[in-house]
2 protein chains.
Amino acid sequence: MTPSPADLVITGCTVLVHDDQEGTGPEIGFREDAALVVRDGLVESVTTAAAAEELSALERIDARGQIAMPGLVNCHTHAPMVALRGVAEDLPTEEWFNDVVWPIESNLTATDVELGARLACAEMIRGGVTCFADHYFAMDAVAAVVEECGIRAHLGEAYFSSQGPQGREKSLEFALRHRGGAGGRITTALAPHAPYTVDDTDLAATARLAHDHQLPVHLHASENRDQAEASLARHGVTPIEILRRTGILDTDVLIAHGTGILDQDLPLLQQATGRVSVATAPRGYLKFAWPTTTPVRALYDIGVPVGLATDGAASNNSLDVWEAMALTALIQKSTTGDPRWLTARQALHHAGVQSARAVGLGDTIGTLAAGRRADIILVDLTGPHTQPVHDLPATLVHSARASDVRTTIVDGRVLMRDRALLTIDVPSVVGELGRRLPTLLDRSHGRRIQDYDT
Amino acid sequence: MTPSPADLVITGCTVLVHDDQEGTGPEIGFREDAALVVRDGLVESVTTAAAAEELSALERIDARGQIAMPGLVNCHTHAPMVALRGVAEDLPTEEWFNDVVWPIESNLTATDVELGARLACAEMIRGGVTCFADHYFAMDAVAAVVEECGIRAHLGEAYFSSQGPQGREKSLEFALRHRGGAGGRITTALAPHAPYTVDDTDLAATARLAHDHQLPVHLHASENRDQAEASLARHGVTPIEILRRTGILDTDVLIAHGTGILDQDLPLLQQATGRVSVATAPRGYLKFAWPTTTPVRALYDIGVPVGLATDGAASNNSLDVWEAMALTALIQKSTTGDPRWLTARQALHHAGVQSARAVGLGDTIGTLAAGRRADIILVDLTGPHTQPVHDLPATLVHSARASDVRTTIVDGRVLMRDRALLTIDVPSVVGELGRRLPTLLDRSHGRRIQDYDT
């Protein structure tokens, strides 16, 4: 019997493989002159270019001179906030929230969210991002965009205690309704905003709901040192201690930022009975002039995965996870005072295995191996800025850029080929969004969705 | 009499203009729906798109949806070191120099330098860099590449005191012979390496030669805090004090890095009778885990221009000045603890006026205005990562990337059009360089060109 043709065969590339999928060490390797065989949305095999010649396939991509690597994961963002890219520049955190972002967000409609999400997905697909963890409002609209454009996403409907019990109920309802959506590309989480906007009662209720419904939790916590210190001053405990005592650390929890994680928090994170991970978005910490960054090394020492993220474009100005990868390496060296930490190999490990774990997909994506979902990007290293190649991890992390991603594939479907987006019409989205901006940006009403007061 | 046609007219773009060409404030503005008229290598006028319709021109570029801005200036690099991109990763400064870079550089030939410079110019032109200040060896080869590929450059032949008086004589001979070369695109400097490798006698001799021949000086000084402290311990003075007492501060001097500039150095820099400027290359400081960055704010306060730079690609991994612009803004916010410093407008001012001054071309380039050399880049902001545009300086600095530069023009000549390089054949350079790398990288001989011992 002749085997049926594969859906897609990618030939002639160098494939980045994670040799140690269970550890958190930087064990990555490269297979040269290799091929990837894709069938039914999965990587069927990583083989040799020669072996792939023999195979029949519905579609072939000649990827000579390119690196195939797992698609990037944006482990914490607010995708629709691309609509606010650049509206709140050079401001301290409190003014950014209270004077600009939260007043504008009080105008948000589902259509704004949909258009923002579509523009964000276009940016992410072009930047090699194949999965994003989103934490925002009107998330039905985001789910619809994910379904339509073919990207993978881990979605949560954000809520504050100021919404009353309806907030967490809506978050639960969203998570249950969309779990497994878009042909399995959508996974979901409960999404309380943060310990400074969601009270202990609601956090404890969230932890119980997470257990009852086997859902993970995605929230902001100890975002910066000010928050940690304010929490200690007001409540006598750190934000991480609040997560422990409310049971959140007994769930599978993704903590955004954690630049305010203190030494006393580390044992709590290590002893958590849930799977704890942290998302780091270093660009915004620099831009807000926060005094610390995510303590990646301390988290590594206690076995907590750290995924890469951009946060929203209203603070980060882009959804460029490639830049987050490079900045994580650079800022870790700078803040630890140790040029040997964090290496380019480690940065690629954060981008792959650790980011996949952070969004609860550690068994599914994050590495290119038989049985994994076929979330693949092809990176062109022939440009003058990436030549010569003496050290492939360094070339990828420190010389290549998001714009060197030529092809983006999710679940075996090509979403961008040779830099051309196949599922999103950018000019149309930009035009439609542009017409809505005057209304969206109006702050004359004096409302805001919440007060930032850590 | 009908006026003769302009050489080039660029229409429909938004033009970034520096309204205050003398101050160091961030006074930039944007003229929408504008046009640039270029004749004889100069900007003849910045006018309206409508007015430009009437003009005849030998060449027209329709730049609708694009921003025209002054080409970027790489104020301190070692262009040929792109050949060593990625050879010395994750190392402290001393090991980087002594164990890898200086041993490899003992193998350098003029052909290696030529190929490296050609690859570097390709990378820079593609990244919107129209002028670079180079400080390296075998600089005749770099000058030849500059002549051939059409970029602008400020060149100096580096020397150490270990070379004897021949070092500084060669540097002078190079500077005099190439000054005004390549149709005026080449300017030159005397290029002692640094106070820790060039003794006071040689520095004082260099200062006298600079005066006698009206040449500027380009050198490394107080690169990092360790160097400043070692200098204090050994000589009782800082590297900047050495520059003062040897007369270097009485010349027009470009100081690379200066992350070790101490408070006590500031009055010396302020009182210098020469035009002093500093080049900052922040990526490398993070990568080497240096404890401080260039004190841009303190230098601003005393009126010293700070230009943007990448250093060589062996430390920085790229010659991406666009990234240096964004990182300068981010790292300044982070290190001063003030999110309001340094704004995107200020970053653009560093990229334009201040960088031009740093390389001694403050009257010639760095702004788009009648009478300036036509060193122009066109930046495409239609990508999803640069939309919508609420704040054009922020979009340029924090969202756009080097890869958004579509067209690069120097002295009115188009060197890259729609991302295609017109004067350099990258695959041929990469191939030829690749064949030479095994010999270049050989360290079995145990030699090095110098010892790093601050």
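Residues numbered from 1 in each chain as written. Chains lettered and ligands numbered in written order. Predicted model: local features only at pLDDT ≥ 70, side-chain atom pairs only at ≥ 80, totals over all residues.

### Some points on the nonpolar core
Applicable threshold: In plain words, the nonpolar core is the set of buried Ala, Val, Leu, Ile, Met, Phe, Trp, Tyr and Cys residues that C-beta atoms within 7 Å link up. For every residue, the other C-beta atoms within 10 Å of its own C-beta are counted; 20 or more classify it as buried, 12 or fewer as exposed, and values in between as partly exposed. C-beta atoms are placed from the backbone. Start and end positions for the domains come from either an automated domain assignment or a database one. Any residue pair is listed as a contact if its two C-beta atoms, each placed from the backbone, are within 7 Å.
If you look at the biggest cluster of nonpolar residues, it comprises 153 residues, and the most contacted ones within it are Leu36(A), Ala68(A), Cys121(A), Val142(A) and Ile151(A). Residues from two domains meet in this core; each of domain 1 (8–70 + 367–421) and domain 2 (72–358) of chain A gives at least three. Dropping the residues within four chain positions of it, Val142(A) is found in contact with Ala79(A), Pro80(A), Val113(A), Ala117(A), Asp134(A), Tyr136(A) and Leu155(A). By size, the runner-up hydrophobic cluster in this structure holds 152 residues, among which are Ala133(B), Phe174(B), Leu254(B) and Ile365(B).

### Some remarks on the confidence of the model for chain A
Just so we agree on the cut-off: Residue-level confidence of the predictor is what pLDDT reports, using numbers from 0 through 100.
For chain A, mean pLDDT is 96; residues scoring 70 or higher make up 98% of the total. For this predicted complex, the interface score ipTM comes out at 0.97, while the overall pTM is 0.97.

### Looking at the relation of the copies chain A and chain B
Counted only if it meets this: For the least-squares superposition of copies, only C-alpha atoms count, and only for residues with pLDDT at least 70 in both.
For these two chains of identical sequence, chain A goes onto chain B by a turn of 180 degrees and a shift of 0.0 Å along the axis, with RMSD 0.0 Å. On the angle and the small slide along the axis, the relation comes out as a two-fold axis. Residues of chain A ranked by C-alpha distance from the rotation axis are headed by Ser403(A), positioned 3.4 Å from it. A symmetric contact is evident, with 100% of the interface residues of chain A recurring at the interface of chain B.

### With respect to the domain arrangement of chain A
Residues and elements named next belong to chain A. How we decide: Helix numbers and strand numbers start at the N terminus; a helix is a DSSP run of H or I with at least 4 residues, a strand a run of E with at least 2.
We note that the domain assignment places domain 1 (8–70 + 367–421) and domain 2 (72–358) within chain A. Taking only C-alpha atoms, the centre of domain 1 and the centre of domain 2 are 27 Å apart. Facing 25 residues of domain 1, the contacting portion of domain 2 comprises 31 residues. Elements supplying a minimum of two residues to the side of domain 1 that touches domain 2: strand E1 (8–18), helix H15 (392–399), strand E16 (405–410) and strand E17 (413–417). Looking at the side of domain 1 that touches domain 2, the element that brings in the most residues is H15, giving five residues.

### Describing helix H5 (residues 165–178) of chain A
All names here are of chain A. Using the following cut-off: A helix is expected to reach a length of 1.5 Å times the quantity of its residues less one. Note that the arc is defined by the directions from the helix axis to the C-beta atoms.
Over its 14 residues, H5 extends 20 Å from the first C-alpha to the last, a length consistent with the 20 Å expected when each residue adds 1.5 Å. Along H5, the residues classified as buried are Gly 167, Arg 168, Ser 171, Leu 172, Phe 174, Ala 175 and His 178. With its buried residues spanning 160 degrees around the axis, H5 presents them on a single face. Turned more than 90 degrees from where H5 packs its buried face, Pro 165, Gln 166 and Glu 173 sit exposed.

### Remarks on the environment of Asp375(B)
By the secondary structure assignment, Asp375(B) is in the loop between helix H14 (344–358) and strand E15 (376–380). If near-sequence neighbours (up to four positions away) are discounted, Asp375(B) is found in contact with Pro70(B), Gly71(B), Thr130(B), Cys131(B), Arg152(B), Ile365(B), Ile409(B), Val410(B) and Asp411(B).

### Some details on the interface of chain A and chain B
To keep it simple, the criterion reads: Here the nonpolar group is Ala, Val, Leu, Ile, Met, Phe, Trp, Tyr, Cys and Pro; Asp, Glu, Lys and Arg are the charged ones; every other residue, Gly included, is treated as polar.
Taken together, the contact between chain A and chain B spans 49 residues of the former and 49 residues of the latter. Of all the secondary-structure elements, those providing two or more residues to the side of chain A that touches chain B are helix H3 (110–126), helix H10 (282–287), helix H13 (321–336), H15 and helix H16 (426–441) of chain A. For the side of chain A that touches chain B, the element with the highest residue contribution is H16(A), accounting for five residues. Grouping the constituent residues of the side of chain A that touches chain B by class yields 22 nonpolar, 14 polar and 13 charged.

### Focus: the sheet that holds strand E12 (residues 253–257) of chain B
All names here are of chain B. Selection rule: Note on pairing: two strands pair once DSSP finds at least 2 bridges between them. Orientation is described by axes fitted as lines to C-alpha atoms, over the contacting stretch for helices, and by angles from 0 to 180 degrees between their N-to-C directions.
The four strands are arranged E11-E12-E13-E14 in an open sheet whose pairing can be described as parallel. A strand with exactly one partner marks an edge of an open sheet, and here the two such strands are strand E11 (217–221) and strand E14 (306–308). Strand-to-strand twist of the sheet, defined as the mean angle between neighbouring strand axes without regard to direction, takes the value 30 degrees. Strand direction decides the pairing type here: strand E13 (residues 276–280) and E14, joined by three bridges, are parallel. Note on E14: the bridge partner recorded for Ala 279 is Gly 307.

### Quick look at the sheet that holds strand E12 (residues 253–257) of chain A
Residue and element names in this part refer to chain A. The four strands lie next to each other as E11-E12-E13-E14, forming an open sheet whose pairing is parallel. Both outer strands of the open sheet, strand E11 (217–221) and strand E14 (306–308), are each paired with one neighbouring strand and no more. Recorded for the sheet is a direction-independent mean angle of 30 degrees between the axes of neighbouring strands.

### Notes on the packing of H3(A) against helix H4 (residues 139–149) of chain A
All names here are of chain A. Operational definition: Helix crossings are classified by the rotation of the near helix relative to the far one: an anticlockwise turn of less than a right angle makes the crossing left-handed, while a clockwise turn makes it right-handed.
It is the contact of H3 with H4, at a shortest axis distance of 8 Å, that shows an interaxial angle of 35 degrees. The interaxial crossing formed by H3 with H4 has right-handed handedness. Residue-level inspection shows Ala 110, Val 113, Glu 114, Ala 117, Arg 118 and Cys 121 of H3 in contact with H4, the latter providing Ala 141, Val 142, Ala 144, Val 145 and Cys 149. Class assignment for the residues of the contact of H3 with H4 results in nine nonpolar, no polar and two charged.

### So, the pairing of strand E15 (residues 376–380) of chain A
All names here are of chain A. For E15, the buried fraction is high: four of the five residues fall into the buried class. Examined bridge by bridge, strand E5 (residues 66–70) and E15 share five bridges and lie antiparallel to one another. Note that in E15 the partner of Met 69 across the bridge is Ile 377. The sheet contact formed by E15 and E16 spans four bridges and is antiparallel. Each residue of the ladder has a partner; that of Val 379, found in E16, is Val 405.

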